[in-house]
Amino acid sequence: ALQHTALWMFDQYDVIDKHTQSGLDLLDRYIKFVKERSEIEQNYAKQLRNLTKKYAKRGNREDQDCKFSNHASFQEILNELNDYAGQRELIAENLITGICVDLLKKLQDFKQERKTVREGGSECEREIGREGEKKKGRTDGKWAEAEKASQQAEKAECEVYATKVDVEKAKQHAHARTHTAEECRNDYAAELQKYNKEQNNHYYTDIPQLLNKLQGMDERRIRSLADGYCKFSDIEKKVLPIISKCLEGISAAGTKVNEKQDSILVIEQHKSGFEPPADVDFEDYSQGIKSATSESSLNPPKVRGLIWPFSKKHKQTPAEDYSHLPPEQRKKRLQTKIDDIHKDLQKAQDQSEALEKMKGVYEQNPQMGDPSSLEPRILEMTKDMGRLRGELAKYETWLSEALGGEESPFPVNNNTDNLFFFHLRTSMSSRVTHDPDANIYAEFDEEFDEIESPIGQCTALYSFEGNSEGTVSIKEGELLSIMEEDKGDGWMRVLRASGDEGYIPSSYVKLAS
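Residues numbered from 1 in each chain as written. Predicted model: local features only at pLDDT ≥ 70, side-chain atom pairs only at ≥ 80, totals over all residues. Heavy atoms only, no water.

Note the threshold: UniProt positions are given in the numbering used here, feature names are shortened, and annotations may be inferred rather than shown by experiment.
As named in an unreviewed UniProt entry, the protein chain is Thyroid hormone receptor interactor 10, taken from Astatotilapia calliptera. Taken verbatim from the UniProt record of the protein chain, the Sequence similarities (unreviewed entry) comment is "Belongs to the FNBP1 family."

### Regarding the overall build of the protein chain
Using the following cut-off: A run of H or I in DSSP becomes a helix once it reaches four residues, and a run of E becomes a strand once it reaches two; helices and strands are each numbered from the N terminus. Relative accessibility decides the category of a residue: with a 1.4 Å probe and only protein chains considered, values under 20% of the type maximum give buried, values over 50% give exposed, and everything between is partly exposed. We call two residues in contact whenever any of their non-hydrogen atoms come within 4.5 Å of each other. Using a 1.4 Å probe, the Shrake-Rupley method yields the accessible areas, and only the shown protein chains count as cover for residues.
Secondary structure summary: the protein chain contains 12 helices and 5 strands in total. Among the 513 residues that make up the protein chain, the fraction classed as buried is 30%. Excluding contacts between residues fewer than 6 apart, the proportion of contacts in the protein chain whose partners are at least 24 apart in sequence is 74%. Total accessible area on the protein chain stands at roughly 34400 Å², and carbon and sulfur atoms take up 53% of it.

### Notes on a nonpolar patch on the surface
Note the following rule: The patches described consist of residues with a relative accessible area above 30% and no salt bridge, like charges being joined within 9 Å and nonpolar side chains (Val, Leu, Ile, Met, Phe, Trp, Tyr) within 5 Å. Here a salt bridge means any side-chain nitrogen of Lys or Arg lying within 4 Å of a carboxyl oxygen belonging to Asp or Glu.
A surface patch of nonpolar side chains, amounting to about 280 Å² of accessible area, comprises Leu51, Tyr55 and Phe74. Examined against the element boundaries, Leu51 turns out to sit in helix H2 (residues 13-55). Residue class for Leu51 comes out partly exposed when judged on its relative accessible area of 38%.

### So, the pairing of strand S2 (residues 479-484)
Let me state the cut-off plainly: Note: two strands are recorded as paired if DSSP finds a minimum of 2 bridges between them.
Relative to S2, strand S1 (residues 457-460) runs antiparallel, the two sharing 3 bridges. Bridging from a neighbouring strand, Gln457 pairs with Ser481 of S2. Sheet topology note: the S2/strand S3 (residues 491-495) ladder contains 3 bridges and is antiparallel. Each bridged residue has a counterpart across the sheet, and for Glu484 the counterpart in S3 is Arg493.

### Quick look at the packing of aromatic side chains
Stated precisely, the cut-off is as follows: Pairing of aromatic side chains here covers Phe, Tyr and the six-membered ring of Trp, requires ring centres within 6.5 Å, and sorts the geometry by plane angle: under 30 degrees stacked, over 60 edge-to-face, intermediate tilted.
Under the counting rule described, the total for this entry stands at 8 aromatic pairs. Note on Tyr30 and Tyr229: the rings are 4.8 Å apart at their centroids and 85° apart in plane angle, and the pair reads as edge-to-face. Of this pair, Tyr30 sits in helix H2 while Tyr229 is found in helix H6 (residues 164-255), placing the two residues 199 residues apart along the sequence. What makes Tyr30 buried here is its relative accessible area of 8%. Accessibility expressed as a relative area gives 41% for Tyr229, which makes it partly exposed. Pairing Phe464 with Tyr508 gives two aromatic rings, centres 5.7 Å apart and planes at 75°, and the pair type is edge-to-face. Note that Phe464 is positioned in the loop between S1 and S2 and Tyr508 in the loop between strand S4 (501-505) and strand S5 (509-511), a separation of 44 residues in sequence. Accessibility classification places Phe464 together with Tyr508 in one group, the buried group.

### Re the pairing of S3
The side-chain alternation of S3 yields one buried face, formed by Met492 and Val494, and one unburied face, formed by Trp491, Arg493 and Leu495. Alignment of S3 against S4, held across 5 bridges, turns out to be antiparallel. Note that in S4 the partner of Met492 across the bridge is Ile504. Connecting S3 to the next strand, S4, in antiparallel fashion are 5 residues, including Gly499 with a positive phi near 100°.

### Describing the nonpolar core
The criterion, for reference: What is meant by a nonpolar core is a set of buried Ala, Val, Leu, Ile, Met, Phe, Trp, Tyr and Cys residues, joined one to another through side-chain atoms within 4.5 Å.
Core analysis: the largest hydrophobic core is formed by 22 residues, its most contacted members being Leu27, Tyr30, Ile31, Val34, Leu95, Ile99 and Leu103. Only H2, helix H4 (69-127) and H6 provide two or more residues apiece to this core. Per element, the largest residue contribution to this core is 9 residues, and it comes from H4. Ile99 has contacts with Tyr30, Val34, Asn94, Gly228, Lys231, Phe232 and Ile235, leaving out every residue within four places of it along the chain. In terms of nonpolar packing, the next biggest core, distinct from the first, is built from 20 residues, Ala348, Met385, Leu392 and Ala402 among them.

### Thoughts on the UniProt feature "coiled-coil region" (unreviewed entry) in the protein chain
As recorded in UniProt, the sites labelled "coiled-coil region" (unreviewed entry) are residues 331-365. Annotation note: span residues 331-365, helix share 97%, strand share 0%, distance between end C-alpha atoms 51 Å.

### Structural notes on the packing of H2 against H6
Quick note on the threshold: For every element, the axis is a line fit to its C-alpha atoms; helices are fit only across the contacting stretch, and the angle between N-to-C directions ranges from 0 to 180 degrees. Comment on the angle field: the value is read as roughly parallel under 35 degrees, roughly antiparallel over 145, roughly perpendicular from 65 to 115, and oblique elsewhere. Handedness of each helix crossing follows the sense of rotation of the near helix against the far helix: counterclockwise by less than a right angle gives left-handed, clockwise gives right-handed. Each residue gets one of three labels, nonpolar for Ala, Val, Leu, Ile, Met, Phe, Trp, Tyr, Cys and Pro, charged for Asp, Glu, Lys and Arg, and polar for the others, Gly among them.
With their axes 11 Å apart at the nearest point, H2 and H6 run at an angle of 20° to one another. Classified by the angle their axes make, H2 and H6 are roughly parallel. For the pair H2 and H6, the sense of crossing is left-handed. Together, Tyr13, Ile16, His19, Thr20, Gly23, Leu24, Leu26, Leu27, Tyr30, Phe33, Val34 and Arg37 of H2 and Leu210, Leu211, Leu214, Met217, Asp218, Arg221, Leu225, Gly228, Tyr229, Phe232 and Glu236 of H6 make up the contact between the two elements. Among the residues making up the contact of H2 with H6, the classes are represented as 15 nonpolar, 4 polar and 4 charged.

Spelled out as structure tokens, the structure:
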């Protein structure tokens, strides 16, 4: 069927040549199109990462705000968006490696194959009939010479003065020319027969084969292009489950917002513990008004100004023992400071123990190092631990005073409490007044337990092949230990049960609840 179709196209070679060239041009255009799409995805991912980095939390103030559900949810949205950006980068990379690289190689092969086929067809056309044309021309010349020699022989025979020898010589010359012309004619006939055979082979064999090669090449080019079209969609479909997870995470972050809980947390963090000012006592001047030198005239009753929400307050100078803060806030700040000192002290103790062990190893194996070189560092660590123990004792004393001692309330004009949710705060303060020791420690335990519960494990949602340096392969459903959390670049370091450790994409795992 293909050969029969080619017979009807033997005189349309120029059309076919243009058609194949047009197909190669389309393949080249598609490769450029995919490259530009990849650049768009790469730039989009870069802009998303810059956006998340710009609005990510920084500093202690943001860390405190993240205790509120609306702040924490926004940080979760930024993390999910960062993972989403990673998937867009993956799409950009796969578009280049999965489509452009493959099609570019095939485009070069198709161009070379087309060039080879076109050169073979042109050479075939030049060879056919070239020798036949030569022999036809030679035969025409010989017959012209034979005819001229015959005319000369007839003319010599008719002349009166021509001798018999001249006539015989002219006849022999004409006969020789005729014989030569006959031989040339036979050669031309044989060459013509050969030419017709080659022409028949050219149009019924060579041309169909040539056209079939072009057809096969063009069909392979079309199939490669069709596969490229499908990959253009499949590459994005492969990451859709992870992208959906990111979008679901963003929605889940919105549902986690609890406005009531945030309000209660504001109250717990900033309540002062003060009671509202008592009523001003009435002073009766009707009984025995004295002269201007009386005590009442020298000491008139003080009229206190009212505290209004959102009014500007004088900023007090911070004190080391936080005595400038209201009682409740002072207790929390002292407890937080003590916890920080405990952590620093534990860290210093661990470093000191490590130095002592290293010193012991050096003493047993002098070739490994000089034990005396560690003395300055050990001495420095000892001084640091002494300083930290002193600070710890000082802050514990202040906390004990704040918890156990009867503190006189701050003057009204020094109260820095924002009267936000005034009635609720008052009721909670009254409960503390009736039973001051009942809720204080429970409140501290509840707050700091939440802070000290880190995320330590996660479950793999998808399998990942860690082929790059520093990465580790994981399997779907595998339980992993988190060694280093995501710092905003979309990667986290984990430890497998087998002992293998490395980095994996953060979006490939689900944190253990």
